[in-house]
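Here's the letter readout for the chains.
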Amino acid sequence: RKALKITNETIDSIYSEWKVAEYPLFLKSCFMHKSSWEIMKFKLMGRIVAAYESKGRKPFVVSFLGSSVTAGHDNLFNLSTPIVAGDMMRSSFHALDLDLDSRNVALGNNPCMPYDVCVKIFA
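Residues numbered from 1 in each chain as written. Predicted model: local features only at pLDDT ≥ 70, side-chain atom pairs only at ≥ 80, totals over all residues. Heavy atoms only, no water.

### A few points about a nonpolar patch on the surface
At step 1: Side chains of Leu76, Leu79 and Val84 sit close together on the surface and give an oily, nonpolar patch of about 270 Å² of accessible area.
At step 2: Note that Leu76 resides in the loop between α3 (68-71) and α4 (81-95). (Patch = residues over 30% accessible without salt bridge, like charges linked within 9 Å, V, L, I, M, F, W, Y side chains within 5 Å. Areas by Shrake-Rupley, 256 points an atom, 1.4 Å probe, with all protein chains shown as cover. Salt bridge = Lys/Arg side-chain N within 4 Å of Asp/Glu carboxyl O. Helix = DSSP H or I, 4+ residues; strand = E, 2+ residues; numbered from the N terminus.)

Quick look at the structure:
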């Protein structure tokens, strides 16, 4: 229950900060293929079960691939999306006895191809 409470507070904070209610199409502009989303959910569920069964702590890795904006070249690195998102999500993961590893693998000054095709190598 504690993890759910913390997670809901984090989501409410994001919705408030980004004024999502005022921009109803905002979330539709974020794209993740349905199968990728399902795989990520099942990996997270597996880590939660393993933590409860004391099979050892293994961090849940979230990687952000993107352009110079994601990399933090256009602002302070500690204000880049991967760092901020990791900081916001970390307390929910700790409440589940999980470690979160938020990785910034964004590349500035590069064309997306072929980097977005070979994500596993970089992330």
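That was the structure; now back to the text.
### Quick notes on the environment of His94
At step 1: Residue placement: His94 occurs in helix α4.
At step 2: Given a relative accessible area of 45%, His94 falls into the partly exposed group.
At step 3: Along the primary structure His94 and Ala3 are separated by 91 residues, whereas in three dimensions their C-alpha atoms are 8.0 Å apart. (Buried < 20%, exposed > 50% of the residue type's maximum accessible area, 1.4 Å probe, protein only.)

### With respect to the pairing of strand β1 (residues 60-64)
At step 1: By the alternation rule, side chains of β1 split into Phe60, Val62 and Phe64, which are all buried, and Val61 and Ser63, of which none is buried.
At step 2: In this structure, β1 lies alongside strand β2 (residues 100-104), joined through 5 bridges in parallel fashion. By the bridge assignment, Phe64 is partnered in β2 with Asn104. (Pairing = 2+ DSSP bridges.)

### A closer look at the pattern of salt bridges
At step 1: Within this structure, the stated rule accounts for 4 salt bridges.
At step 2: Two residues, Lys5 and Glu9, come together in a salt bridge whose shortest N-O distance is 2.6 Å. Residue Lys5 and its partner Glu9 are located together in helix α1 (residues 2-17), separated by 4 residues, close to a single helical turn.
At step 3: The class of Lys5 is exposed, set by a relative accessible area of 52%.
At step 4: Given a relative accessible area of 43%, Glu9 falls into the partly exposed group.
At step 5: Here Arg103 makes a salt bridge to Asp101, at a shortest N to O gap of 3.0 Å.
At step 6: Of the residues examined, Arg103 reaches a relative accessible area of 34% and is grouped as partly exposed.

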